[in-house]
Amino acid sequence: MQVMSRDGSYWSENTFSLPPGEEGAVSLDYPSRYLEKLYSEQPSDLALMAKFGSCGKEGLAMISGWSAAQLNEPDVLVVLINSARSSTFISGRYAEDWGRPSACEAITEGRRTAYDTRCEIKFENKLNAIKIMRRRYDRMLRPEIITLWKH
C-alpha cells in the first residue's frame, strides 16, 4: 500500500497480509513515525493506492479512506490526479456500461507538488472501474482505466 500527500511532503509504502477468510472492509494498522502529520492532513488530501496479489500478478484494491470513520461506503469516490496541466475528466463503469464523463477540478490552493487535480465520481455498488481522460492542447491523451476491486 502506498500513501502520498497532495503536496508531496509525505510518501510511504508498506506491505500487509490480509487476515485469512476476511470479507468486506478491513482496517489496517499503518505504522509511521509521522502519524501526527498524517492525521493533520484532510483525508481528501491523502492519496491511497493498494495492490493485491503476488508480484507480477497484482490487481488494484479499492480503499475507502484514511480514517476508520471513512470505512463505511462513501457516497463519492475522490481521485487525486497529477494532470500535467491538462483538462481532466472522469467516467465510471457501472456494471457493463460507462457513465457520461464529468470534468475534474483543478486544485488551486496550497502546494500541488504531487497532485494538482481532484475528481469526484458517484460511488455505487455497481461501480467496478474508473476511466481518467486528459486533453492537452486540443489533443486527447491515452485514457487510464483503473479496475476497482472490492474485498
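Above this note sits the structure.
Residues numbered from 1 in each chain as written. Predicted model: local features only at pLDDT ≥ 70, side-chain atom pairs only at ≥ 80, totals over all residues. Heavy atoms only, no water.

(A) Local environment of unusual backbone geometry. A positive phi angle, near 60°, is found at alanine 95, a position not held by glycine. Examined against the element boundaries, alanine 95 turns out to sit in the loop between strand S6 (87–94) and strand S7 (97–98). A relative accessible area of 36% means that alanine 95 is categorised as partly exposed. Even without a glycine there, the phi angle at tyrosine 137 is positive, about 55°. Turning to its location among the elements, tyrosine 137 is positioned in the loop between strand S11 (127–136) and strand S12 (139–140). According to the relative accessible area criterion, tyrosine 137 is exposed, its value standing at 72%. (Helix = DSSP H or I, 4+ residues; strand = E, 2+ residues; numbered from the N terminus. Buried < 20%, exposed > 50% of the residue type's maximum accessible area, 1.4 Å probe, protein only.)

(B) Up close: the state of the cysteines. The final tally for this structure, using the stated rule, is one disulfide. Linked covalently through their sulfurs, cysteine 104 and cysteine 119 form a disulfide whose S-S length is 1.9 Å. Measuring the twist about the S-S bond at about 105°, one finds the cysteine 104-cysteine 119 disulfide to be right-handed. Highlighted residues: cysteine 104 in the loop between strand S8 (102–103) and strand S9 (105–106) and cysteine 119 in strand S10 (residues 117–122), separated in sequence by 15 residues. Classification of cysteine 104 as buried rests on a relative accessible area of 15%. (Disulfide = S-S within 2.5 Å.)

(C) Quick look at the sheet that holds S9. The antiparallel open sheet is built from three strands, whose spatial order is S5-S10-S9. The outermost strands of the open sheet, each flanked by one partner alone, are strand S5 (76–81) and S9. Of the strand pairs in this sheet, S9 and S10 are connected by two bridges, and their pairing is antiparallel. Paired with glutamate 105 across the two strands is arginine 118, which belongs to S10. (Pairing = 2+ DSSP bridges.)

(D) Spotlight on the environment of tryptophan 11. Of note, tryptophan 11 is situated in strand S2 (residues 11–13). Its relative accessible area of 48% is what places tryptophan 11 among the partly exposed residues. Residues in contact with tryptophan 11, not counting those within four places in the same chain, are Gln2, Val3 and Met4. (Contact = heavy atoms within 4.5 Å.)

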